[in-house]
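# What the coordinates show
This is what each chain is made of:
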Amino acid sequence: MRMHAHPVLSLTWRTVVATVGLIVLLAGLVMCVAPGPGVAGIILGLAILATEFAWARGLLRYARSWAHRAKERAVQKARQHRREHDHSASALRPAPDSD
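Let me sum up the structure you'll find in this document. Quick caveat, the model's predicted, so the values are computed rather than measured.

Rules used in this analysis
Here the residue numbers are simple positions, counted from 1 along each chain's written sequence. Two thresholds apply to this predicted model, a pLDDT of at least 70 for residue-level local features and 80 or more for giving and counting side-chain atom pairs, whereas whole-chain, interface and lining totals are computed over all residues. Side-chain metrics in this entry use all non-hydrogen atoms of the structure; hydrogen atoms and water are not considered. Secondary structure elements follow DSSP: runs of H or I of four or more residues count as helices, runs of E of two or more count as strands, with numbering from the N terminus. The classification of residues rests on relative accessible area computed with a 1.4 Å probe and restricted to protein chains. Under 20% of the type maximum is buried, over 50% is exposed, and intermediate values are partly exposed. Here, residues are in contact when the closest pair of their heavy atoms is within 4.5 Å. Areas reported here follow the Shrake-Rupley algorithm with a probe of radius 1.4 Å; residue values treat only the protein chains shown as occluding. We call a set of buried residues a nonpolar core when its members are Ala, Val, Leu, Ile, Met, Phe, Trp, Tyr or Cys and they connect through side-chain atoms within 4.5 Å of each other. One speaks of a salt bridge when a side-chain nitrogen belonging to Lys or Arg is within 4 Å of a carboxyl oxygen belonging to Asp or Glu. A helix is expected to reach a length of 1.5 Å times the quantity of its residues less one. Patch members must show over 30% relative accessible area and no salt bridge, and they are joined within 9 Å when carrying like charges or within 5 Å when they are nonpolar side chains of Val, Leu, Ile, Met, Phe, Trp or Tyr.

### Remarks on the overall build of the protein chain
Scanning the protein chain from terminus to terminus reveals four helices and zero strands. In sequence order, the protein chain lays out its α and β elements as α-α-α-α. The burial tally for the protein chain puts 18% of its 99 residues in the buried class. Expressed as a percentage of contacts within the protein chain between residues at least 6 apart in sequence, the contacts between residues at least 24 apart total 38%. Accessible surface computed for the protein chain: about 7900 Å², of which carbon and sulfur atoms make up 66%.

And the structure:
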């Protein structure tokens, strides 16, 4: 709080936060097309920016909800795939002998 009371320190701090946040955010965007945890980088960059900027808090809220929905869809699809695989595997197994 004391730092935000001084105009020069406040501006310097906001500039450092903006620079670090944007670098992490851009790295996350690059990792979306290159190998790496792109979504995690984007969310981390937005989280850094959200400590000082209200617009980033709104984007972070949206990104978190998007990531949560994507995770739920992936889990649901994995369960469906597992059920289909189990069903097709059981159809291929020979019936047990009843002697």
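### Here's the deal with the nonpolar core
If you look at the biggest cluster of nonpolar residues, it comprises eleven residues: V17, A18, L25, I42, L46, L49, A50, F53, A56, L60 and A63. With four residues, the top contributor of residues to this core is helix α3 (residues 38–50).

### Side note on the pattern of salt bridges
When their charged atoms lie close together, side chains carrying opposite charge are able to pair. Using the criterion set out here, one finds two salt bridges in the structure. Across the pair R14 and E52 runs a salt bridge whose closest N-O atoms are separated by 3.8 Å. Note that R14 is positioned in helix α2 (residues 7–33) and E52 in the loop between α3 and α4 (54–92), a separation of 38 residues in sequence. In this structure R14 comes out as partly exposed when scored by relative accessible area, which is 31%. The shortest N-O distance in the salt bridge between K71 and E72 comes to 3.8 Å. Judged by its relative accessible area of 47%, K71 is partly exposed.

### Notes on α3
One turn of the α-helix equals 3.6 residues, which is why residues spaced by three or four share an orientation. Taking 1.5 Å per residue as the helical rise, α3 with its 13 residues ought to reach 18 Å, and the 18 Å between its terminal C-alpha atoms agrees with that figure. If you check which residues of α3 are buried, you get G38, G41, I42, G45, L46, L49 and A50.

### Looking at α2
Across its 27 residues, α2 extends 40 Å between first and last C-alpha, which sits within 8% of the 39 Å expected from 1.5 Å per residue. Taken together, the buried positions of α2 are S10, V17, A18, G21, L25 and G28.

### Re a nonpolar patch on the surface
Among the surface-exposed residues, V39, Y62 and W66 lie close enough to one another that they form a single nonpolar patch of about 310 Å² accessible area. Examined against the element boundaries, W66 turns out to sit in helix α4. Residue W66 is classed as partly exposed on the basis of its relative accessible area, which comes to 37%.

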